Amino acid sequence: MSLLIPDTGLLFWMILSFGIAFFVLARFGFPMILKGVEKRNEFIAQSVESAKEANAKLASIENECQTLLARAKQQQASILNDTVLEKERILKEAKEKAEKETQLAIDSAMRQIEFEKNKAIRDVREEIATLSVAVAEKIIRGKIEKETGQKEVISRLIDEITLSKS
């Protein structure tokens, strides 16, 4: 017996065994294998459909994200513009307040200077008046000592008083 050419009896039993194995597989095995393959095909088709839906949702979400991002950038720009305007307004108010306070300080200083000037003038006038009275007193004493001078000084003073009252 050779390995390459089998005997007829062996060939018969091999064909019979193959036929039985093929029949059992065709009757019970192949339908189960085909069902498994079909289920796998359906699962793959469902997975592909789910992936397409997920891609569509992802694209929709990306569009929403882009929209939200654009809106956020607009709001950011708006907030920055509002902040700049508010800063300018606050600076303007602070400048105006500082100018008002400066003007009030200047006005107060001017009033104080005017008050001090008037006080100094009054003091000088009082001093001049005091000195004038002292000088006049000395002069009048000198003239009053003379008898004829007394009458003249008194009459002149009375004339001056009457003239200043009228």
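Let me begin by describing the structure that accompanies this report. Bear in mind the structure is a predicted one, so any value in this text is a computation, not a measurement.

**Points about the overall build of the protein chain**
Thought 1: The helix and strand inventory of the protein chain stands at 2 helices and 0 strands.
Thought 2: Counting across all 166 residues of the protein chain, residues that qualify as buried make up 2%.
Thought 3: When the accessible surface of the protein chain is totalled, it reaches about 15400 Å², and 64% of it is carbon and sulfur.

**A word on the pattern of salt bridges**
Thought 1: Following the criterion strictly, the structure yields 2 salt bridges and no others.
Thought 2: For the salt bridge of R89 with E93, the shortest nitrogen-to-oxygen distance reads 2.4 Å. Here E93 and R89 lie together in helix 1 (residues 8–144), a separation of 4 residues that amounts to about one turn.
Thought 3: Put simply, E86, R89 and E93 are held in one network by salt bridges that share partners.

**Some thoughts on the packing of aromatic side chains**
Thought 1: Counted under the stated rule, the structure contains 3 aromatic pairs.
Thought 2: Where F22 meets F30, the ring centres are 6.2 Å apart and the plane angle is 70°; that geometry is what we call edge-to-face.
Thought 3: Take F30: its relative accessible area is 35%, and that puts it in the partly exposed class.
Thought 4: Through successive ring pairs, a cluster of aromatic residues spans F18, F22 and F30.

**Focus: a nonpolar patch on the surface**
Thought 1: On the surface, F12, W13, L16, I20, F23, V24 and F28 cluster together into a nonpolar patch covering about 770 Å² of accessible area.
Thought 2: For I20, the position within the fold is in helix 1.

About the cut-offs
- Residues numbered from 1 in each chain as written.
- Predicted model: local features only at pLDDT ≥ 70, side-chain atom pairs only at ≥ 80, totals over all residues.
- Heavy atoms only, no water.
- Helix = DSSP H or I, 4+ residues; strand = E, 2+ residues; numbered from the N terminus.
- Buried < 20%, exposed > 50% of the residue type's maximum accessible area, 1.4 Å probe, protein only.
- Areas by Shrake-Rupley, 256 points an atom, 1.4 Å probe, with all protein chains shown as cover.
- Salt bridge = Lys/Arg side-chain N within 4 Å of Asp/Glu carboxyl O.
- Phe/Tyr/Trp six-rings, centres within 6.5 Å; stacked < 30°, edge-to-face > 60°.
- Patch = residues over 30% accessible without salt bridge, like charges linked within 9 Å, V, L, I, M, F, W, Y side chains within 5 Å.

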